[in-house]
Amino acid sequence: MTDRKATLTFKDKQHNSYSASFPIYSGTLGYDVIDVSSLGKEGIYTIDAGFHATAACKSSITYIDGGKGTLLYRGYPIDQLVEKADFTDIGYLLLHGELPNKTQKSDFLGLILDHMNLHEQMSCFFSGFRRDAHPMAIMVGVVGAMSAFYHDSLDIKNPDHRNLCAIRLIAKMPTIAAMSHKYSIGEPFMHPRHDMGYAENFLHMMFGTPYDESAPDPVLVRAMDRIFTLHADHEQNASTTTVRAAGSTGANPFACISAGIGALWGPAHGGANEACLRMLMEIGDEKNIPEFIARAKDKNDPFRLMGFGHRVYKNYDPRATVMRRTCHEVLDAVGRHDDPLIKLAMSLEKIALEDDYFIEKKLYPNVDFYSGITLNAMGIPTSMFTVIFALARTTGWISQWTEMVQDPNAHLVRPRQLYIGKDKRDVPPAEEW
Ligand code: SDX
């Protein structure tokens, strides 16, 4: 409850004055909010296209301080988590609210490994796609189709079903992702192994073959695990909002996650890592950087510097800092410390951060700026970058979905609008159309 109020005074079209008061709520951290849910009774709505200043829900999972450039998962700073925890710990933390003890972690990972395989019939889905299909298209399709196989866990009011769906989604995303890659290169699908961890299994299924099951490089496994952690959750971003909106209708979690994958695909969101690497390859040489910086600043040019800027961060994205460090570790591990792409990226970053346009608009590198170079150095095809983002973000999406489904005050997501179309009019005789 609260005794703090905001009063809105407004005039109607006849210039009659009205005023109404609305409660102000504070969270643990961050901005206060004005609850305008009762505003409709006053015959007026708010509009906030893109939700720049609108909270869509209450949540306890992730907090971002855009001004300071900090990111907390259940209160723990991301830079501490990447050093002290692995992605299995993060999955448990996001889902259950606390870091797991040894027994909880062992049981959680055991459950995930038990569910990592797909129903054998699901592998038939892949042959319906063209070999050159974008793997994100395959992910949208196959993840959505999981609801055609797992009828035993679709009652979203049943906590056991919800937990089983969460495990199945977290467990099967690496398998589906790796299968979409293997299908595109015509190699046989690889099965997960109980003697490997989560990130190790993903790299094994991506790069292993029936005639060479050698374990993935531990440095690359650690890097992959860290990349999963960095991408796990991020408040109410566009794809999480999509998952919550789909979930608010009572749709099954597989359909909701499939909707989130679709939303993540766009270059303004999760597709930026793929777009960023393609941009760096298009820039090609440091001498071309000024031309691209100029294009990014030109209002008449739709080009934007991929991997730069963020709706919330108006400081350096803390994930980009970790990603840049990880990038150097991977490049050293694969013997590409002089990779021209990393040199180009660092020059581009330096030039942009010294440019008044980027300084004034508080545009800094985000998580996608260095992730593409890192994944490229790991031998992962560019088209798989956003798939890896979706794989990692599934843990955050299903945690947010679970939080919403368990919230007794959750509402069907149904925004209103400002109608600017034609006034009511009668249909004229057909000869006048
Ligand atoms: C992710 O929301 C999340 O949390 C997302 C994410 C997550 O983990 O879920 O963090 C993942 O999506 C990271 C962002 C990845 N996208 C990109 O790197 C694409 C390039 N970035 C831009 O498209 C842009 O910065 C956005 C979309 C990320 C944010 O855009 P906003 O918040 O809508 O800001 P805006 O478009 O209103 O930009 C403000 C100003 C504008 O200029 P003016 O109209 O004020 O003159 O900054 C300019 C923009 O033109 N601007 C850029 C720019 N980003 C913003 N100009 C050039 N290059 C850019 N990258």
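Please refer to the structure higher up on the page.
## Let's talk about the overall build of the chain
So, step 1. Of the regular secondary structure elements, the chain holds 17 helices and six strands.
So, step 2. Compactness check: the chain gives a C-alpha radius of gyration of 24 Å against a globular reference of 22 Å for 433 residues, within 12% of the reference.
So, step 3. A principal-axis box enclosing the C-alpha atoms of the chain has dimensions of 80 × 60 × 60 Å.
So, step 4. A burial count over the chain gives 48% of its 433 residues as buried.
So, step 5. The contacts in the chain between residues at least 6 apart in sequence include a share of 69% that link residues at least 24 apart.
So, step 6. As displayed, the chain has an accessible area near 21,900 Å², and 53% of this comes from carbon and sulfur atoms.
So, step 7. Averaging the positions of the 44 positive and the 52 negative side-chain charges in the chain gives two centres separated by 5 Å.

## Remarks on the sheet that holds strand 6 (residues 76-77)
So, step 1. Spatial strand order, 4-5-6: three strands in an open sheet with antiparallel pairing. Both outer strands of the open sheet, strand 4 (62-65) and strand 6, are each paired with one neighbouring strand and no more.
So, step 2. One ladder, built from two bridges, connects strand 5 (residues 70-73) with strand 6; its direction is antiparallel. Paired with Tyr 73 across the bridge in strand 6 is Tyr 76.

## Some remarks on helix 7 (residues 198-207)
So, step 1. For helix 7, the buried fraction is high: eight of the ten residues fall into the buried class.
So, step 2. By the burial criterion, the buried members of helix 7 are Tyr 198, Ala 199, Asn 201, Phe 202, Leu 203, His 204, Met 205 and Met 206.
So, step 3. Those residues of helix 7 hidden inside the fold are in contact with helix 2 (87-96), helix 3 (102-114), helix 6 (159-185), helix 8 (218-230) and helix 17 (385-406).

## Details of the packing of helix 11 (residues 272-283) against helix 17
So, step 1. Relative orientation of the contacting elements helix 11 and helix 17 amounts to 155 degrees, with a least axis distance of 7 Å. By the angle between their axes, helix 11 is roughly antiparallel relative to helix 17. As helix 11 packs across helix 17, the resulting crossing turns out to be right-handed. Of the residues in helix 17, those touching helix 11 at Asn 273, Glu 274 and Leu 277 are Phe 385, Thr 386 and Phe 389.

## Topic: the packing of aromatic side chains
Within a pair of aromatic rings, the relevant descriptors are the distance that separates the centres and the angle that separates the planes.
So, step 1. Overall, the coordinates contain 15 aromatic pairs when judged by the stated rule.
So, step 2. Each ring, one from Phe 125 and one from Phe 149, has its centre 5.8 Å from the other, and the planes form 80 degrees; the classification is edge-to-face. In this pair, Phe 125 is assigned in helix 4 (residues 123-127) and Phe 149 in the loop between helix 5 (135-145) and helix 6, connecting sequence segments 24 residues apart.
So, step 3. Residue classification places Phe 125 among the partly exposed residues on the basis of a relative accessible area of 31%.
So, step 4. In textbook terms, an aromatic cluster arises when at least three aromatic residues are bridged by ring pairs, as seen for Phe 308, Tyr 357, Phe 358, Phe 369 and Tyr 370.
So, step 5. Across from the ring centre of Tyr 25, 5.7 Å away, lies the NZ or CZ of Lys 58, which sits over that ring.

## Comments concerning the site of the ligand
So, step 1. In the vicinity of the ligand lie 24 residues, with His 234, His 310, Arg 311, Arg 319 and Arg 393 positioned nearest.
So, step 2. Separating an oxygen atom of the ligand from a side-chain N or O atom of Arg 393 is a distance of 2.7 Å.
So, step 3. Expressed as a share of its isolated accessible area of 1,100 Å², the protein-covered part of the ligand is 79%.
So, step 4. Looking at the shell around the ligand residue by residue, the classes come out as ten nonpolar, seven polar and seven charged.

## Thoughts on unusual backbone geometry
So, step 1. The backbone of His 15 sits at a positive phi, close to 65 degrees, despite the residue not being glycine.
So, step 2. Of note in the backbone geometry, Phe 51 takes a positive phi value of approximately 55 degrees without being a glycine.
So, step 3. As for its placement among the helices and strands, Phe 51 is situated in the loop between strand 3 (33-34) and strand 4.
So, step 4. You can call Phe 51 partly exposed: its relative accessible area is 48%.

## A short note on helix 11
So, step 1. For helix 11, built from twelve residues, the straight-helix expectation of 16 Å at 1.5 Å per residue is met to within 8% by its first-to-last C-alpha distance of 16 Å.
So, step 2. Close packing links the buried residues of helix 11 with helix 12 (289-297), helix 14 (340-353), helix 16 (367-377) and helix 17.

## Things to note about the nonpolar core
So, step 1. Within the largest apolar cluster, 114 residues are counted, with the highest numbers of intra-cluster contacts made by Phe 202, Met 224, Phe 228 and Leu 305.
So, step 2. Residues within four places of Met 224 in sequence aside, it is in contact with Ala 199, Phe 202, Leu 203, Leu 375, Met 378, Ile 380 and Ile 388.

About the thresholds
- Residues numbered from 1 in each chain as written.
- Predicted model: local features only at pLDDT ≥ 70, side-chain atom pairs only at ≥ 80, totals over all residues.
- Heavy atoms only, no water.
- Helix = DSSP H or I, 4+ residues; strand = E, 2+ residues; numbered from the N terminus.
- Rg over C-alpha atoms; globule rule 2.2 N^0.38 Å.
- Buried < 20%, exposed > 50% of the residue type's maximum accessible area, 1.4 Å probe, protein only.
- Contact = heavy atoms within 4.5 Å.
- Areas by Shrake-Rupley, 256 points an atom, 1.4 Å probe, with all protein chains shown as cover.
- Lys, Arg positive; Asp, Glu negative; His and termini not counted.
- Charge placed at Lys NZ, Arg CZ, Asp CG, Glu CD.
- Pairing = 2+ DSSP bridges.
- Axes fitted to C-alpha atoms, helices over the stretch in contact; angles between N-to-C directions.
- Parallel < 35°, antiparallel > 145°, perpendicular 65-115°, else oblique.
- Left-handed = near helix turned anticlockwise from the far one by under 90°.
- Phe/Tyr/Trp six-rings, centres within 6.5 Å; stacked < 30°, edge-to-face > 60°.
- Lys NZ or Arg CZ within 6 Å of the ring centre and 35° of its normal.
- Near = heavy atom within 4 Å.
- Polar contact = N/O pair within 3.5 Å; in protein donor to acceptor, adjacent residues only side chain to side chain.
- Nonpolar A, V, L, I, M, F, W, Y, C, P; charged D, E, K, R; others polar.
- Expected span 1.5 Å × (residues − 1).
- Core = buried A, V, L, I, M, F, W, Y, C linked by side-chain atoms within 4.5 Å.

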